[in-house]
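# Fold and geometry: a report
Each chain, written out:
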Amino acid sequence: MRWCSGLLLVLLFSPFIQAGAAELLQPDAYYGQALLQTDYYRDASQQLTLKEVQALAASSWTPQQPDNRGFDSAAHWYRFQVHPRQPGYLVAPFTLLDRLEVYWLDTRGQVVSHQLSGDHQPLSRRPDWRKRFAFPWPEQTLLTAYVRIQTLGLANNRLLLWPADAFHHFSQREARWLSWCYGLLGGLGFFFVFIYLALRDRLFLYFGGMALSVLVMSMSIAGEFSVSHWVDFWPGLNDYLLVIWPLVTTLATILFLRSFFQLDHLAPGMVKVFYGLLGCMLLAQLQLLHDYALAYRLTFLLVLTVTPLTLAIIYLSWRRGQQPAYLILVGLAFSLVGASVDISRAFTDSLEPFLLGDYGFELRFFSRHATLTGMTLEMACFALAVAGKIFQERRAREVALEQLILAEKEQKQLQETSQQQREELLREMHDGLGSQLTTAVYSARNPVTKKEDLVAELQEALEDLRMMMDSLQSPGGNLATLLGQLRYRLGRRLQAAGLNLHWQVGDLPLEKDLTPRQALHLQRLVQEALANVIKHAQADEVRFEAHQTADRNIAIKICDNGQGFSLPPMTRGRGLDNMRYRAKALDGRLEISSSTLKKGGTCLLLLLPN
């Protein structure tokens, strides 16, 4: 996302950086029809010759008006005088004119030079085909110019007189800026088409096709096809592209919006509206066979309807939380501003100060090529929107993949833990319950075994089984609950052994949960400690305490008042080793203290981390 943004910003601002280093044109290098005594005459018959126009009465001529003169078959005549002080050009800034003729007359009324140009004229007949409608004036002290313009399309007939040096300088800078716009559109188009060939994602194909179609339409609006060699084979190519190519661009735009916003799910009815619009545009273009001006106007109006439809889609997508939609909105705003400037330039003279260069080259370029500039910025914003959408989708896939990997790891750990717990329980059952039942079976077969002893062995095995069931039934139980179950299970056994149990359990942290394996280890450890009291201590009291220490650990203490013992002899048995093993399995620490004095007793302290 970052490198795409940086690349686009460099491409967008590089022409401004390059142009800023060049020499700025001075405002007095421009002067236009406002400084010329320009008269206007409309020849509806299209048949008048120069001599007939010269013979017209003065009342037939009117001052030139700023309104548009296009969309008709009439011939439009302009007349003015000029005092050339240096070489220069008569320039028609509007580049979409079918036929222009310029007659330069001297003070005697004789034709000094006759020049012909226009979109429909071969390159060989134009005075300077690279400059489109630029006519060099003859070297005379006083000239009268008659300009005849005839075109079927849009025509804002602004005529400028331009010194040669300033015009050449401007033309070079204009060509450089145009090349940046064309290069950006073409680069984006081919770049995304190549990405489609690699990834096979139709979104890239639709955007690439849209960028290339906008490039062709922008070049036709700028009149580029009227200065190519295609004009020698198809004189009206540029005019027909202006009417036909918007259909291609609209189709590419619809396909792009449909893929980008997933209109089939977001707004299925909007897709039908778009295709209905395409059908209307196709019907409008069929008017080319009969009336070019009508086909041009209808196509232009239908293209404008794409804007409110796109705004409706952006609103719906915003409600669905699609963040890149704001870039589509910004791009659309650029395009609308460019189209508005061109419409204003075509029908009014409100942009005349900009067109004449009173505010510098940059604004003059924008006023001449507003649609091209707007659509170039629009495609750049759309490219950023595509990059943002791909980034979001990629991030979503990465998050989903991370969650899937984490779930798989947790599942694997759960399986391993379950397997370990299963093996541990089987071992406990084999070593504990199995051993007790085996002893009970041998005792039952022994005829000298007392009934009370056999019942005690079976009762001990039954309690052991119940404690294992308690550990399995509380997989997420807390410590307080487990200790309460231990008191219930072992209390009767202690009472039967003649031991008085003092139970003191303080407030324990609720967040201290035990797994089934930890619960079983704790049960076994407490059971082993109390069993030692019953069998070896010869005590009559046992005290059980559990509380939270100052350092937030959990202390479990079991003390009796029986006979103590010396620790070194006890280390030879397995009971102490088993309890230490279980304490380690609980991540705890076991401490044992004993006194051989009378009623000194033994204390066992288990410290568990919280």
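Below is a short write-up of the structure. (Residues numbered from 1 in each chain as written. Predicted model: local features only at pLDDT ≥ 70, side-chain atom pairs only at ≥ 80, totals over all residues. Heavy atoms only, no water.)

### Some thoughts on the overall build of the chain
Under the convention used in this document: For helices the rule is a DSSP run of H or I covering at least 4 residues; for strands it is a run of E covering at least 2, with both sets numbered from the N terminus onward. By definition, residues are in contact when any of their heavy atoms lie within 4.5 Å. Accessibility throughout is a Shrake-Rupley quantity obtained with a 1.4 Å probe, and a residue counts as covered only by protein chains that appear here.
Helices and strands together make up the secondary structure of the chain, namely 19 helices and 15 strands. The long-range fraction of contacts in the chain, counting pairs at least 24 apart against all pairs at least 6 apart in sequence, stands at 74%. Only carbon and sulfur atoms are counted for the fraction: they give 59% of the accessible area of the chain, which is about 31500 Å².

### Thoughts on the state of the cysteines
We apply this condition: The criterion for a disulfide is a pair of cysteine sulfur atoms lying within 2.5 Å. Categorising residues by exposure relies on relative accessible area from a 1.4 Å probe, with only protein chains included: less than 20% of the type maximum marks a residue as buried, more than 50% marks it as exposed, and the intermediate range marks it as partly exposed.
Evaluated as defined, the whole model comprises 1 disulfide. Covalent S-S linkage joins Cys559 and Cys603, the inter-sulfur distance amounting to 2.2 Å. Measuring handedness by torsion sign, the sulfur bridge of Cys559 and Cys603 sits at about 120 degrees and is right-handed. Of this pair, Cys559 sits in strand S13 (residues 554–560) while Cys603 is found in strand S15 (residues 602–608), placing the two residues 44 residues apart along the sequence. Its relative accessible area of 4% is what places Cys559 among the buried residues.

### As for a nonpolar patch on the surface
Operational definition: Without a salt bridge and with relative accessible area above 30%, a residue can belong to a patch; like charges are then joined within 9 Å and nonpolar side chains (Val, Leu, Ile, Met, Phe, Trp, Tyr) within 5 Å. Should a side-chain nitrogen of Lys or Arg be within 4 Å of a carboxyl oxygen of Asp or Glu, the pair is scored as a salt bridge.
Taken together, the side chains of Phe233, Trp234, Tyr240 and Ile244 make up a nonpolar region of the molecular surface, amounting to roughly 450 Å² of accessible area. Looking at the element boundaries, Tyr240 is found in helix H6 (residues 237–260). Classification of Tyr240 as partly exposed rests on a relative accessible area of 34%.

### A look at the nonpolar core
Convention followed: Take the buried residues of types Ala, Val, Leu, Ile, Met, Phe, Trp, Tyr and Cys, join any two whose side-chain atoms come within 4.5 Å, and each joined set is a nonpolar core.
Residues Phe207, Phe256, Phe261, Phe274 and Met379 are the most contacted members of the largest nonpolar core, which totals 63 residues. Per element, the largest residue contribution to this core is 13 residues, and it comes from helix H3 (residues 164–199). Membership of the second largest hydrophobic core comes to 32 residues, among which are Leu514, Ala529, Leu576 and Leu608.

### Details of the packing of aromatic side chains
Put simply, the rule reads: Stacked, tilted and edge-to-face pairs are distinguished by plane angle, under 30 degrees for stacked and over 60 for edge-to-face with tilted covering the rest, among Phe, Tyr and Trp rings (Trp via its six-membered ring) whose centres lie within 6.5 Å.
One pass over the structure, following the stated rule, counts 15 aromatic pairs. Between Trp61 and Tyr146 the ring centres are 6.1 Å apart and the planes differ by 65 degrees, which places this aromatic pair in the edge-to-face class. On the criterion of sequence distance, the pair formed by Trp61 in the loop between helix H2 (50–54) and strand S3 (62–63) and Tyr146 in strand S9 (residues 143–150) is long-range, its members being 85 residues apart. Across this residue pair, the class does not change: Trp61 and Tyr146 are buried. Aromatic pair Tyr89 and Phe167: ring centres 4.9 Å apart, planes at 40 degrees, arrangement tilted.

### Considering the sheet that holds S3
Here is the rule we go by: Strands were regarded as paired on the criterion that DSSP finds at least two bridges between them.
Strands sit in the order S3-S2-S4-S9-S6-S7 across an open sheet of 6 strands; the sheet is antiparallel. Each having just a single partner strand, S3 and strand S7 (111–117) make up the two edges of the open sheet. Bridge count between strand S2 (residues 39–43) and strand S4 (residues 75–82): 5 bridges; the pairing is antiparallel. Residue Tyr40 lies in a different strand from S4, and its bridge partner there is Tyr78.

### Quick look at unusual backbone geometry
Here Gln46, not a glycine, exhibits a phi torsion of approximately 65 degrees, which is positive. When you line up the elements, Gln46 lands in the loop between S2 and H2. Given a relative accessible area of 28%, Gln46 falls into the partly exposed group. Phi angles above zero are rare outside glycine, and Arg552 is one such case at about 70 degrees. Of note, Arg552 is situated in the loop between strand S12 (541–548) and S13.

### Here we look at helix H4 (residues 202–221)
For clarity, the threshold we go by: One fewer than the residue count of a helix, multiplied by 1.5 Å, yields its expected span. Residues adjacent in sequence count toward polar contacts only when both atoms are side-chain atoms; beyond that, a polar contact is any pair of N or O atoms within 3.5 Å, and within protein one must be able to donate a hydrogen and the other to accept it.
Counted at 1.5 Å a residue, the expected span for H4 with its 20 residues is 28 Å, and the 28 Å between its end C-alpha atoms agrees. Sitting at the amino-terminal end of H4 is Asp201, which places a side-chain oxygen 3.1 Å from the backbone nitrogen of Leu203. Gly223 sits one or two residues past H4 and shows a positive phi near 75 degrees.

### Some remarks on the pattern of salt bridges
Counted under the stated rule, the structure contains 10 salt bridges. In this structure, Arg258 and Asp264 form a salt bridge, with 3.1 Å as the shortest nitrogen-oxygen distance. Owing to a relative accessible area of 41%, Asp264 belongs among the partly exposed residues under this scheme. Between Lys389 and Glu393 there is a salt bridge whose closest N-O contact spans 3.4 Å.

### Brief notes about helix H8 (residues 268–285)
Working note: α-helix, 3.6 residues per turn, so residues spaced by three or four point in the same direction. Note the cut-off: By construction, the arc corresponds to the directions joining the helix axis to the C-beta atoms.
The terminal C-alpha atoms of H8 lie 27 Å apart, and with 18 residues this matches the ideal 26 Å at 1.5 Å per residue to within 8%. What H8 keeps buried is the set Met270, Val271, Phe274, Leu277, Leu278, Met281, Ala284 and Gln285. Seen end-on, H8 carries its buried residues on one side only, within an arc spanning 135 degrees. For H8, the exposed residues lying more than 90 degrees away from the buried face are Lys272 and Leu283. Against the buried residues of H8 lie H6, helix H7 (263–266), helix H9 (292–304) and helix H10 (306–319).

### Brief notes about the pairing of S13
Regular strands place side chains that alternate from one sheet face to the opposite one. Counting buried positions over the 7 residues of S13 gives 6, a clear majority of the element. Taken together, the 7 bridges between S12 and S13 define a ladder with antiparallel strand orientation. Bridging from a neighbouring strand, Gln548 pairs with Ile554 of S13. Counting the residues in the hairpin turn of S12 and S13 gives 5 residues, including Arg552, whose phi is positive at 70 degrees. Taken together, the 6 bridges between S13 and S15 define a ladder with antiparallel strand orientation. The partner of Ile558 across the bridge, within S15, is Leu604.

### Focus: the packing of H3 against H4
Note the cut-off: Note on definitions: angles span 0 to 180 degrees between N-to-C directions of axes, and those axes are lines fitted to C-alpha atoms, for helices only across the stretch in contact. With respect to orientation, any angle under 35 degrees is reported as roughly parallel, any angle over 145 as roughly antiparallel, any angle of 65 to 115 as roughly perpendicular, and every other angle as oblique. Handedness of a crossing is defined here by the sense of rotation of the near helix relative to the far one, left-handed for an anticlockwise turn of less than a right angle and right-handed for a clockwise turn.
For the pair H3 and H4, interaxial distance at closest approach is 7 Å and the crossing angle is 155 degrees. Taken as axis vectors, H3 and H4 run roughly antiparallel relative to one another. Viewed along their axes, H3 and H4 form a crossing whose handedness is left-handed. Taking contact as the criterion, the partners of Tyr182, Leu185, Gly186, Leu188, Gly189, Phe190, Phe192, Val193, Ile195, Tyr196 and Leu199 in H3 are, on H4, Arg202, Phe204, Leu205, Phe207, Gly208, Gly209, Ala211, Leu212, Val214, Leu215, Ser218 and Met219.

### Details of the sheet that holds S15
Strand order in the open sheet made by the 5 strands is S11-S12-S13-S15-S14, with mixed pairing throughout. Each edge of the sheet is formed by a strand with only one pairing partner; in this case those strands are strand S11 (500–505) and strand S14 (589–594). For this sheet, the mean angle separating the axes of adjacent strands, direction not counted, is 10 degrees. Sheet strands touched by helix H16 (residues 479–496): S11, S12 and S13. Its angle to S11, the strand with the most contacts, is close to 175 degrees.

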